[in-house]
Structures are given as C-alpha cells and as structure tokens.
Amino acid sequence: TMGCCGSSEREWKPLEDRSCTDIPWLIIFALFCIGMACIAGFSISTGAASRLISGYDSYGNTCGQKNSKIEGVELSGRDQTDNKYVFFLDPCNIDILNRKIKSMALCVSRCPDIELKTYTDVKKFALQNGSELCSYDIPVSKYPSHGERSKKCPKLPVPPSNSLPVFHRCTPVDISCYAQFAEAFVTFVSDNSMLHRVIAGVMASKEIIMGLCVLALVLSIILMVVIRYISVVLVWILTALVVLGSIGGTGVLWWLYVDHRTNLTDQTGTSPTPQQQVATDNVQALLVYAIFATVFTVILLLLLFFMRKRVALTITLFHVAGKVFTHLPLLALQPFWTFLSLMLFWVSWLGVLLFLGTAGSPVQSEEAGLVEYRISGPLQYMVWYHAVGLIWISQFILACQQMTVAGAVVTYYFTRNKSELPMTPIVSSMLCLTRYHLGTVAKGSFIITLVEIPRLILTYIHNQLKGKENACARCMLKSCICCLWCLKKCLMYLNQNAYTATAINSTSFCTSARDAFVILVENALRVATINTVGDFVLFLGKVLIVSCTAFVGVLSLNYQRDYTVWVLPLLIVCLFSWLVAHCFLSVFEIVVDVLFLCFAVDTKHNDGSPGREFYMDKALMVRRRVGGWVGDYAFVFTLCYFGYISIW
C-alpha cells in the first residue's frame, strides 16, 4: 500500500484482494465512542437523569424522592416523595441569553389548576390540596401576612397550569408570556380565528397528509427506476430552456436598444437635458449588453454542438444507474436505514446533552442564594467533546451509507456475469464494510469534521455579533464561512470517490483518495459535465415529485369540502416530499458517481483486447470515446457562459 504522497502509478485490481484498511483510525474512533459512552454514564451516575426528568427545586432537592443534605443550604435534604411537580414562582421571568427561567422553583404535590388572585387564595389552595406554593420556611397560615411573601411566594395572579408529560414541570396554560421566544410566530397567529382554522384544517386532513407523504415515497422509488427512460427528455428540456432563454434574452436586448435609440433620435434637435443624457447612456449600455449577449449565444450554440457526446455519456450513465437499481433493489432502502440510524443517534445525543445540563455539583448562587448544578474544572469540556461527537458520528453514519452503496455498485460493475452476483450485494457490502473498512470511513468522516467545526464556530460568532460588527468584519466572516463551505463540499466529493476506490482496490483512505483524484483530474471535463447536467436532471426529478404530490394534494383537499385552509397541509406535504425525494435521489447520485469512476478506471486499464476485456455495460461501450480537444476546450466556455448568466 502506497502513502498519500506516492508518485508512481498503481495498478487497479478490482475485487481481487481484501484487507483491513486504516486500523489506527478505527482504534481512534472506537476510543472516541468509548469517551462518548463515558460522558453518558457520568451524567446518569451523578443523578443528572433523575434531575432532568423529575426536576429539582432551588434548594437542590430532586422532586419525587428523598434527598441528601447539601452543606451550607438550610432547606436541602428534604423528603420530596409526595411532591412530584416543579412549580416556578414566576414562570414568565425568562433569561433569553442563558435560555432558562430566572425564578425560584419549589417541589409541590399538585399544580394550581385555577387562577389564584390573592395570597388568601394561595393559602386556601394549600389547605385544600396539600400543595404549598410558597417557600418551605413559610407556614401556610402566614401566606397573606408574611414579610417576605413578595420574594418567597408566587407572583400574583398565579396562572392556572398543567404538568408536562414525562417532565414534571408546572407549565402555565396561557403561554403568552413566552412570546419573546417566538415573536414572529405570535405575530403570525395573532388572529386566533385564522390559527384555529389552520390547525383544524391540518387535523381534519391528517389522513390525506399521511397518504400524500406515502405517495411521495412511492414516486421517489419509481423515479429512481424509470429515470433512465426520461433522462433524455429532461436533458433536452434543459438544453431547450438554455437555448431559448439565451436567444430570447439577446433578442429582447436588441429590441430595447432599437426602441431606445428610436426615441432618442426623435428627440434630437431640442436643447440637451439631463434626461436625454441619461437616455444616451442607456442606449450605449444596451448596445454593449446586446453585443455581449450575442457573442455568448453564438458560442453557446457551438458548445451545444460540440458537447453533445459528453451529454450523451451522462444520459447513458443514468440509464445504467437505472439498471443497477433493478438488479440491486435493496439500494432503495438505504435512505431508510441511514435516516433511522441518524434519528436514533440524534435522540440519544440530545438526551445526554440535557443530562449534562443538570450534571455536576450543587452550587449556591451569591445573588439569590438559589442552588444550581454546574460542571466545574476539566469536566466542563465534556460538552465540547460531546458536540464534536455529534458532527463526527453523524458524518460517520453518512459515510457508511456512501461506502455501502459504493461497495454494492462496484461489485455489480466488475462482475462480468451478472448471474454470479451475490444473493444480496447490499448485505455483502455492509459486511465487507464492517469487517475491513470502518477505519477508512472513520478517517474520511473526521476530515469533514475538521472543516465543519470551524465553519459552525464562525457561523455562531456571526449570528452573535449580528448588528454589532462593522461591514468589513461581517464581509470577512461571511467569506470565511463561504470558503469553508466550499472546501467541505469538495472534500465530501473527494471522500465519496475515495470510498469507491477503497471498495475497488481495498486500499487505505490516503491511497484511495490519491488514486481517485488522479482519475478525476484525467477526466475533469467529463466530471464537470456529469455534475452540472446530472445535478440539474436530478433537481428536475425532485421538482417533478413535489409537483405531482402537490397536484394530487390539491385535488384531494378540493374533493373533501370540509377543509377551509389548505396552506399549511400543502406546505407540510411539499416539504416532506422534497426531503424524501432528496434522500432517495441522493442515493441515485452516489450510484452515478460510482459508476463513472468505475467506467473511468475500466477505460484506462482495459482496451477490449483478449485478457483486457471491458467490464462496462454495452451502452457505455458506445460512449467510451467521446469528445476531443474541441469538446474539451469548449466546455471551458460553457462554464464561463453559466458564470455570466449567474452574474447577469
């Protein structure tokens, strides 16, 4: 195995030898995961889980259980077995900066379900229900007259509240005091009748919404199979739109030039005015624009003529990718497993993060004397460790999907007799990944993590300084964020091809990345064509799925005359259908990229002679020699043209 900086060319040996790759990185990743598990264990063992779920009062007592005495806190160590709910004396006193309620909290046996307007009402509620809403050191009989009732009793009037499910917190029924967290939402729903109609429409149409979501799922799966038949149509639609748009835009510019020049000629003979000077400048500008657009339109027409074979290669790859899905139907299930894995990890990660928020040792604040649990010393860096784990493990799960798909497609491509394919190539690829290449996936995902962390930090700083920094600092921050985002996208594309090279040759990440990079550079213009045309075709596929789902949704909602507001149900359906289409067509995009790298390797190392026969599909054999120097250099002008269109 060669290192990252090796210069001699290696021979590609598809599927011949299998060996473990990047074992040190697998060990590092395993140790990192053990660290994540230790953080979760620490937060649970220190009582953070029970404090998070059951809640605790301002004296450090966990509600619903017996408690130990905290040194220096007089009212700690109480038996709160019968007091299972957390009650805030002033639930609307919100600290937006620290995202918490700045109010004394008590453990009570029952949340007040009616409004209490006076301290006499608070006293009656305590006597009738046994739920004391003032601090433990104030007797119930002295609620109306105690000197510290303004600090240690609830703020009047006490709003009616209900306990949250699972998390035993008394939450006011009227949540208007939380409006500062969602001002835009409150403004939108200020018309209660409109809000009620929207919610009623969603609840009444929930069956239709679920049915339409299933329809989007089915359409996405069908599209992955039939896109090979409609890709030609989609590509020619793209070509027609570009040609018509260019010719139409050029024609409009010339028409505007002639019209403005005619009007200017009619005004000659009169004394020049500032308006005429502006009109003269406009005529000259229109002439420059029209000439510029004409030149680019002519170049574009020539490009389309010379680039037709490269576009045909993209269409052929889509056709073969459709065949892959017919031979490997389990590929369609990859988004399910990835989504399920990510959801399970994110839920567990969020749970541990919440546990960490209540972990640590009790600390009594100097201002109000209230007890809070804080992590001190080196343990406070566990939160940062946990945050890095979110990025690395999420990228690891996504990389596992890429490696699994790449392994299955590589097996399909480099198996001459398709009847000799494994019974379940996807399962075989997953087993191969688990046995040999987890270290490679860990290393690739770590590289993405190294780029993602500073990008997120800069984004956070930019959001925190919004409205405070000067224009130069804002521009620099946005430029850095944009550069890191572009670097991330480039690395993700290189990583994906490195995984494909690993699936072919069973080489380490660095070696595979170098080999894949060499192949991609040698076929740079083909890569650019496939990425531009292919991405647009897949984008049209997503639009097609969303449009069809929305159309069926309109017909369904129109058929059910009970619904008065369609906006929110249709938005939910369109958003879900777009996400589903993106997940499934992303897998299709991975298949196309893997097929292209296999095709490039095949054409480089085989020539069809005895002993060096091609592995490729017959449809690809027709396209293996496309282009020439004219098409190669023509594509550079294509990129310039699209850049001009973007700026324009």
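Here the residue numbers are simple positions, counted from 1 along each chain's written sequence. Local features in this predicted model are restricted to residues of pLDDT 70 or higher, and side-chain atom pairs are both shown and tallied only at a pLDDT of 80 or more, whereas totals for entire chains, interfaces and linings draw on every residue. Excluding hydrogens and water, the side-chain values take into account all heavy atoms of the structure.

Trainee: Can you tell me about the overall build of the protein, naming the residues and giving the values?
Mentor: Only DSSP runs of H or I reaching four residues or more are called helices, and only runs of E reaching two or more are called strands; each is numbered from the N terminus. A count of helical and extended segments in the protein gives 18 helices and 8 strands. Buried, partly exposed and exposed residues are distinguished by accessible area as a fraction of the type maximum, computed with a 1.4 Å probe on protein chains only: under 20%, between the cut-offs, and over 50%, respectively. Every one of the 648 residues in the protein was classed for burial, and the buried ones make up 42%. Only heavy atoms enter the contact rule, under which two residues are in contact if any of them lie within 4.5 Å. By sequence separation, contacts in the protein at least 24 residues apart represent 72% of the contacts at least 6 residues apart. For the area figures, the Shrake-Rupley method with a 1.4 Å probe applies, and any residue is considered shielded solely by the protein chains shown. Accessible area for the protein stands at about 34400 Å²; split by element, carbon and sulfur atoms hold 66% of it.

Trainee: Hey, could you go over the confidence of the model for the protein for me, with residue numbers and the actual values?
Mentor: Scored between 0 and 100, pLDDT is the confidence that the predictor attaches to each residue. Per-residue confidence for the protein gives a mean pLDDT of 78; residues scoring 70 or more make up 79%. In this model, residues 179-196 is a region of pLDDT below 50 whose contacts with residues beyond four sequence positions or in other chains number 7 contacts. Between residues 626-648, whose pLDDT stays under 50, and residues either more than four places distant or in other chains, the model counts 36 contacts.

Trainee: Quick rundown of empty space enclosed by the protein? Include the residues and the values.
Mentor: A pocket here means an open set of points on a 1 Å grid, computed over the protein atoms alone, that has protein on both sides within 12 Å along at least five of seven lines. A cavity is instead a set of points where a 1.4 Å probe fits but cannot get out; residues with an atom within 4 Å of a point line either one. Grid points are joined across faces, edges and corners, and a volume is the space filled by probe spheres set on the points. Enumeration over the complete set of coordinates arrives at 2 cavities of 30 Å³ or more. In this structure, the largest cavity occupies an estimated 80 Å³ of space. For the largest cavity, the full set of lining residues is Gln395, Leu398, Ala399, Gln402, Gly444, Ser445, Ile448, Met492, Asn495 and Tyr499. Only α11 (382-413), α12 (425-464) and α13 (471-505) provide two or more residues apiece to the lining of the largest cavity. Examining the composition of the lining of the largest cavity, we find that 4 residues originate from one element, α11, more than from any other. As for the second largest cavity, its lining consists of Phe318, Ile530, Asn531, Gly534, Asp535, Leu538, Glu589, Val592 and Asp593. Looking at the lining of the second largest cavity, the elements that each hand over two or more residues are α15 (524-559) and α16 (567-605). For the lining of the second largest cavity, the element with the most residues is α15, which contributes 5 residues. In the lining of the second largest cavity, the residues fall into 4 nonpolar, 2 polar and 3 charged. Following the grouping adopted for this structure description, the nonpolar residues are Ala, Val, Leu, Ile, Met, Phe, Trp, Tyr, Cys and Pro, the charged ones are Asp, Glu, Lys and Arg, and the polar ones are all others, Gly among them.

Trainee: Describe the nonpolar core, naming the residues involved and giving the relevant values.
Mentor: Put simply, buried Ala, Val, Leu, Ile, Met, Phe, Trp, Tyr and Cys residues joined by side-chain atoms within 4.5 Å make one nonpolar core. The biggest cluster of nonpolar side chains holds 57 residues, and the ones touching the most others in it are Phe588, Val591 and Leu595. Listing elements by their share of this core, those giving two or more residues are α7 (206-266), α9 (308-327), α11, α13, α14 (509-522), α15 and α16. The element contributing the most residues to this core is α16, with 17 residues. Every residue in contact with phenylalanine 588, bar those within four places of it in the chain, is listed here: Met224, Ile227, Phe318, Ala321, Gly322, Phe325 and Leu538. Ranked by size, the runner-up nonpolar core spans 33 residues in total, among them Cys63, Cys107, Val108 and Tyr373.

Trainee: Before we move on, can you summarise the packing of aromatic side chains with the specific residues and values?
Mentor: Only Phe, Tyr and Trp rings take part, Trp by its six-membered ring, and two of them pair if their centres are within 6.5 Å. Stacked means planes under 30 degrees apart, edge-to-face means over 60, and tilted covers everything else. Applying the stated rule across the entire model yields 14 aromatic pairs. Geometrically, the ring pair formed by phenylalanine 32 and tryptophan 392 is tilted, given 4.9 Å between the ring centres and 50° between the ring planes. Highlighted residues: phenylalanine 32 in helix α1 (residues 23-45) and tryptophan 392 in helix α11, separated in sequence by 360 residues. By relative accessible area, which is 3% here, tryptophan 392 ends up buried. For arginine 78, the ring lying beneath its charged end belongs to tyrosine 136, and the centroid distance is 4.3 Å. Only when the NZ atom of a Lys or the CZ atom of an Arg is both within 6 Å of the ring centre and within 35 degrees of the ring normal do we say a charge sits over the ring.

Trainee: Could you give an account of unusual backbone geometry, naming the residues involved and the relevant values?
Mentor: Note the cis peptide between leucine 156 and proline 157, where omega equals -10°. Assignment of secondary structure puts proline 157 in the loop between α4 (149-152) and β5 (161-163). Even without glycine at this site, aspartate 22 takes up a positive phi of about 50°. Along the chain, aspartate 22 turns up in the segment before α1. A positive phi is found at serine 506, a non-glycine position, where the angle reads about 60°.

Trainee: Report on the pattern of salt bridges, specifying residues and quantitative values.
Mentor: Any Lys or Arg side-chain nitrogen found within 4 Å of a carboxyl oxygen on Asp or Glu counts as a salt bridge. Counted by the stated rule, this structure contains 7 salt bridges. In this structure, glutamate 452 engages lysine 488 in a salt bridge whose closest nitrogen and oxygen atoms are separated by 3.3 Å. Remark: lysine 488 occurs in helix α13 and glutamate 452 occurs in helix α12; sequence separation between them is 36 residues. For glutamate 452, a relative accessible area of 8% gives the class buried.

Trainee: Break down the state of the cysteines for me, with residues and values.
Mentor: The rule for a disulfide is simple: a pair of cysteine sulfur atoms within 2.5 Å. For the structure shown, the criterion picks out 3 disulfides. Here cysteine 134 is linked by a disulfide to cysteine 153, with a sulfur-sulfur distance of 2.0 Å. What sets the handedness of the cysteine 134 and cysteine 153 disulfide is the S-S torsion sign, and at about 120° it is right-handed. Pair noted here: cysteine 134 is in the loop between α3 (119-129) and α4 and cysteine 153 is in the loop between α4 and β5, with a separation of 19 residues, a long-range link. With respect to burial, cysteine 134 and cysteine 153 carry one shared label: buried.

Trainee: Account for α14, with residues named and values stated.
Mentor: Every α-helical turn comprises 3.6 residues, leaving residues that sit three or four positions apart pointing alike. Helix length check: α14 (14 residues) gives 20 Å between terminal C-alpha atoms against 20 Å at 1.5 Å per residue, within 8%. Listed in full, the buried residues belonging to α14 are Phe509, Thr511, Ser512, Ala513, Arg514, Asp515, Ala516, Ile519 and Leu520. Here, expected helix span is obtained from the residue count minus one, scaled by 1.5 Å.

Trainee: Got a sec to walk through the side chain of arginine 169? Specific residues and values, please.
Mentor: Along the polypeptide, arginine 169 turns up in the loop between β5 and β6 (170-172). Buried charge without a partner: arginine 169 forms no salt bridge, and the closest opposite charge is aspartate 57, 11 Å away. At 3.1 Å, the side chain of arginine 169 forms a polar contact with the backbone oxygen of isoleucine 53. Among residues more than four places away in sequence, those in contact with arginine 169 are Arg51, Leu52, Ile53, Ser54, Gly55, Val86, Phe88, Asn162, Ser163 and Leu164. Lys and Arg are tallied as positive, Asp and Glu as negative. Neither His nor the chain termini are counted. In the analysis that follows, any N or O atom pair within 3.5 Å is treated as a polar contact, provided that within protein one partner can donate a hydrogen and the other can accept it, and provided that, for residues neighboring in sequence, both atoms belong to side chains.

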